[in-house]
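As a plain string of letters, each chain reads:
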Amino acid sequence: MHISLFQALLIGIVYYLGINGTPWLTLVGSTIIQKPLVSGLLVGLILGDPVQGAIIGAAIQLPFIAYISAGGAPPTDPGLAGTLGTALCLAANVDPSTAIAIATPIGLLGTIIWVIHMTVDVAFVHMCDRAADEGDMKKLRFWHVVPPQVVAFLIGAIPVTLGAYFGSGAVAGLIDMLQGRPLETLQVIGGILPAIGIGMNLRALDRPGIILWFVLGFVIVEYSGIGTLPLAVIAGIVAYLITGMQRPQDGPQVATASVVPSRSLDVASDDSDDDFE
């Protein structure tokens, strides 16, 4: 599959919209676009194969299923793996397991983009401080939004565009060179990587009363033959009902006042009478 320059630019824009802090999709949330499952579907739509894009994106999602960006220091970039990884794998026509092995190292390169983004944005923070000292809210909004987003687009969308446009042929040629045992090794590695994400996610279930629901879902899938989608719908309904029952009911707040014993009141009144006498 050949990726045109216009398609590569659209893929770069998809990655830019998924960068954390992008304000243009506030209602949807930029972190939603960052998920490889979502970005893979969007890349598949751009390249004319949304089904395969969603399949590859879902496969890439597994190693990142427990992804957490704590303290502004992301260990990897699932958005870059989902967009550029899906694009290159669709162009090379590889299977999902191989796509995981190719996309995961690409996600590590995204940390470089994030560090550059945060480093350059420090200058705009000082400009925002200066505008706040002057009381100029219009200038403050400008320095807070426009220059950081221009920088994010330049260091995000443009490299992804170039990578998708020029890298598709290189990846396809590399896959042809790796035919045989090397490619099978990549497939095995790609099959192991999802276990890392799933294992990290299982650590979050190590709480009283939580792991039992996971075991229940596993048993239902294995012995009932129900599909993943209807099981996910049922699990969502059950989770909603349980959280609704556990949520404290908001009732009228009654202010409580300390009750002073009657004897104390009598003594106080007697003392006051003595003072006036």
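Residues numbered from 1 in each chain as written. Predicted model: local features only at pLDDT ≥ 70, side-chain atom pairs only at ≥ 80, totals over all residues. Heavy atoms only, no water.

Description of the overall build of the chain
Secondary structure assignment for the chain yields eleven helices and zero strands. When the helices and strands of the chain are placed in sequence order, the string is α-α-α-α-α-α-α-α-α-α-α. Expressed as a percentage of its 277 residues, the buried residues of the chain come to 32%. Of the contacts made within the chain by residues no fewer than 6 positions apart, 72% connect residues no fewer than 24 positions apart. (Helix = DSSP H or I, 4+ residues; strand = E, 2+ residues; numbered from the N terminus. Buried < 20%, exposed > 50% of the residue type's maximum accessible area, 1.4 Å probe, protein only. Contact = heavy atoms within 4.5 Å.)

Brief notes about empty space enclosed by the protein
Over the atoms rolls a probe the size of a water molecule, and its path tells where empty space is left. For the structure on display, the rule yields one cavity of 30 Å³ or more. The space that makes up the largest cavity amounts to roughly 30 Å³. Around the largest cavity sit Q34, K35, P36, Q61, F64, Y67 and P78, which together line it. Looking at the lining of the largest cavity residue by residue, the class counts come to four nonpolar, two polar and one charged. (1 Å grid on protein atoms, 1.4 Å probe; cavity = no way out; pocket = protein on both sides within 12 Å on 5 of 7 lines; lining within 4 Å. Points joined across faces, edges and corners; volume = space filled by probe spheres on them. Nonpolar A, V, L, I, M, F, W, Y, C, P; charged D, E, K, R; others polar.)

Some words on the side chain of Q61
Within the secondary structure, Q61 is located in helix α4 (residues 50-61). We classify Q61 as buried; its relative accessible area is 15%. Side-chain polar atoms of Q61 contact the backbone nitrogen of L37, separated by 3.3 Å. Aside from chain neighbours lying at most four places away, what touches Q61 is K35, P36 and L37. (Polar contact = N/O pair within 3.5 Å; in protein donor to acceptor, adjacent residues only side chain to side chain.)

A look at the pattern of salt bridges
Where charged atoms of side chains with opposite charge meet at close range, the side chains can pair. Per the counting criterion, the structure on display carries one salt bridge. One salt bridge in this structure joins E134 and K139, with 3.5 Å as the shortest N-O distance. (Salt bridge = Lys/Arg side-chain N within 4 Å of Asp/Glu carboxyl O.)

Some remarks on the side chain of D77
Among the secondary structure elements, D77 is positioned in the loop between α4 and α5 (78-92). Polar side-chain contacts of D77 include one of 2.6 Å to the side chain of Y15.

Let's talk about a nonpolar patch on the surface
Together, F142, V146, V150, L154, I158, L162 and F166 make up an exposed nonpolar region whose accessible area comes to about 620 Å². Along the polypeptide, I158 turns up in helix α7 (residues 137-177). For I158, a relative accessible area of 36% puts it in the partly exposed group. (Patch = residues over 30% accessible without salt bridge, like charges linked within 9 Å, V, L, I, M, F, W, Y side chains within 5 Å. Areas by Shrake-Rupley, 256 points an atom, 1.4 Å probe, with all protein chains shown as cover.)

Observations regarding the environment of D95
Relative to the helices and strands, D95 is located in the loop between α5 and α6 (96-134). Put simply, D95 and I55 are 40 residues apart on the chain and 9.4 Å apart in space, counted from C-alpha to C-alpha.

Side note on the nonpolar core
I3, I11, L47 and L84 are the most contacted members of the largest nonpolar core, which has 37 residues in total. Counting only elements with at least two residues in this core, the list comes to α1 (5-17), α3 (36-47), α4, α5, α6 and α7. (Core = buried A, V, L, I, M, F, W, Y, C linked by side-chain atoms within 4.5 Å.)

What about the environment of V146?
As for its position among the elements, V146 is in helix α7. Take V146: its relative accessible area is 38%, and that puts it in the partly exposed class. In this structure the C-alpha to C-alpha distance between V146 and F124, which are 22 residues apart in sequence, comes to 9.9 Å.

Looking at the packing of α1 against α5
Running from N to C, α1 and α5 cross one another at 165°; their axes reach a closest spacing of 9 Å. Considering their axes alone, α1 and α5 lie roughly antiparallel with respect to each other. In terms of crossing hand, the pair formed by α1 and α5 is right-handed. Taking contact as the criterion, the partners of I11, V14 and Y15 in α1 are, on α5, G79, L80, T83 and A87. Class assignment for the residues of the contact of α1 with α5 results in five nonpolar, two polar and no charged. (Axes fitted to C-alpha atoms, helices over the stretch in contact; angles between N-to-C directions. Parallel < 35°, antiparallel > 145°, perpendicular 65-115°, else oblique. Left-handed = near helix turned anticlockwise from the far one by under 90°.)

Observations regarding the confidence of the model for the chain
Overall, the predicted model of the chain reaches an average pLDDT of 76, with 68% of residues at or above 70. Scored below 50 in pLDDT, residues 254-277 shows one contact in the model against residues more than four places distant or in partner chains. (pLDDT = per-residue confidence, 0-100.)

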